[in-house]
Amino acid sequence: MFDRTPSRTARIARALAVLCLVAAPVARPAPAMAEEAISAELRPGWRRPDGTHVAALELRLAPGWKTYWRAPGDAGIPPVFDWSGSRNARTLSIAWPVPHVFRQSGMRSVGYSDRVVLPLMISPGAPGDVELSAEMQLGVCKDICLPATLRISGTLPGAGARPDPVIAAALASRPFSASEAGVRGVTCRVAQDGHALRLTAEIEMPTLGRDEETVIEARNPEVWVAEPDTRRAGGTLTAETRLEHVDGRPFALDRSGLRITVIADGQAVDIHGCTG
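About the criteria used
- Residues numbered from 1 in each chain as written.
- Predicted model: local features only at pLDDT ≥ 70, side-chain atom pairs only at ≥ 80, totals over all residues.
- Heavy atoms only, no water.
- Helix = DSSP H or I, 4+ residues; strand = E, 2+ residues; numbered from the N terminus.
- Buried < 20%, exposed > 50% of the residue type's maximum accessible area, 1.4 Å probe, protein only.
- Contact = heavy atoms within 4.5 Å.
- Areas by Shrake-Rupley, 256 points an atom, 1.4 Å probe, with all protein chains shown as cover.
- 1 Å grid on protein atoms, 1.4 Å probe; cavity = no way out; pocket = protein on both sides within 12 Å on 5 of 7 lines; lining within 4 Å.
- Points joined across faces, edges and corners; volume = space filled by probe spheres on them.
- Nonpolar A, V, L, I, M, F, W, Y, C, P; charged D, E, K, R; others polar.
- Phe/Tyr/Trp six-rings, centres within 6.5 Å; stacked < 30°, edge-to-face > 60°.
- Lys NZ or Arg CZ within 6 Å of the ring centre and 35° of its normal.
- Disulfide = S-S within 2.5 Å.

*Asks:* Hey, could you run me through the overall build of the protein chain in this one?
*Replies:* Within the protein chain, the secondary structure is distributed over 3 helices and 19 strands. The buried share among the 276 residues of the protein chain stands at 46%. Across the protein chain, the fraction of contacts at a sequence separation of at least 24, relative to all contacts at a separation of at least 6, is 69%. Carbon together with sulfur atoms contributes 51% to the accessible area of the protein chain, which is approximately 13,400 Å² in total.

*Asks:* For this particular structure, what's the right way to read empty space enclosed by the protein?
*Replies:* To find leftover empty space, one rolls a probe the size of a water molecule over the atoms. Under the definition given, this model contains 1 cavity of 30 Å³ or more. Each pocket or cavity is described by its volume, and for the largest cavity that value is around 30 Å³. In terms of lining, the largest cavity is formed by Leu59, Thr67, Tyr68, Pro79, Phe81, Trp96, Tyr112, Leu118 and Leu138. Classifying every residue of the lining of the largest cavity gives 8 nonpolar, 1 polar and no charged.

*Asks:* Is there a simple way to think about the environment of aspartate 211 in this case?
*Replies:* Tracing the backbone through its elements, the reader meets aspartate 211 in the loop between β13 (196-204) and β14 (213-217). Those residues within four positions of aspartate 211 in sequence are excluded, and the remaining contacts are Ile263 and Ala264.

*Asks:* I tried to follow the packing of aromatic side chains on my own but got confused; where do I start?
*Replies:* Geometrically, a pair of aromatic rings is defined through the distance of the ring centres and the angle of the planes. What the rule picks out here adds up to 2 aromatic pairs. Relative to tryptophan 83, the ring of phenylalanine 81 lies with its centre 5.7 Å away and its plane at 5°, an arrangement referred to as stacked. With respect to burial, phenylalanine 81 and tryptophan 83 carry one shared label: buried. Aromatic pair phenylalanine 81 and tryptophan 96: ring centres 6.2 Å apart, planes at 65°, arrangement edge-to-face. Of the two residues, phenylalanine 81 sits in strand β4 (residues 80-82) while tryptophan 96 sits in the loop between β5 (89-94) and β6 (100-104), which places them 15 residues apart along the sequence. Grouping residues by exposure puts phenylalanine 81 and tryptophan 96 together as buried. One aromatic cluster is present, formed by Phe81, Trp83 and Trp96 through successive ring pairs. Directly above the aromatic system of phenylalanine 102 lies the positively charged group of lysine 66, at a separation of 5.4 Å from the ring centroid.

*Asks:* Is there a simple way to think about the state of the cysteines in this case?
*Replies:* Note on terminology: a disulfide is the covalent bond linking the sulfur atoms of two cysteines. By the definition in use, this model includes 2 disulfides. Residue cysteine 188 pairs covalently with cysteine 274 via a disulfide, S to S 2.0 Å. Measuring handedness by torsion sign, the sulfur bridge of cysteine 188 and cysteine 274 sits at about -115° and is left-handed. With cysteine 188 in strand β12 (residues 185-193) and cysteine 274 in the segment after β19 (267-272), the pair connects residues that are 86 residues apart, well separated along the chain.

Structure below.
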């Protein structure tokens, strides 16, 4: 499905980005700096035998700048995509490559630097070409954080195009699934903490690498999830975090809708749901 409307969490994050910008002295207007920091190109891709069109957005960043993954962390800015100007694209999803974890001033962010290719998996509404149009609202950060708005458009051919090796490489760099990584089970314990919830997730899986990090996402975009405290004991990786509704009110947590990503040494594992 298309992500057309920014969640409240995204709006808050972008407001914080603007505050960072206001607080920092700059020598030239912010839009000009953002345009110099990041650029986007559409790779038109190819049509699979099952009818799915595989395309990609290629983002290039100036040296020292970074942009953010779908769950950017407390120090990051969530990306927002508006595909509503597209034609003959019934559904569209992004196949996110493995991100990197950045630490700055004691805070964590999750994202990409230099260059990243974001594969797009598109289901056309009918045979023939897809006219793709996207407006992207992205955060870019170096010494300061800036909001950047990028627009791309192009025609994705319905037939005749060959697979793009650059997109194929990006698809190969996606996180492992739970089964591929040998995850044996995931259990979650939840405790009330005022209007918030305390979550402890225990993941039975082989070690992914040194300094394993976890990112936990709730299905409800209005639920904020703190950076987890992650530790390992033998074959069990434990992640503890706090979840709170952005309005500060009580909420119900759907364990099946939790998404846990384990990141280490340039690899990641994508885990969907846990048991009680």
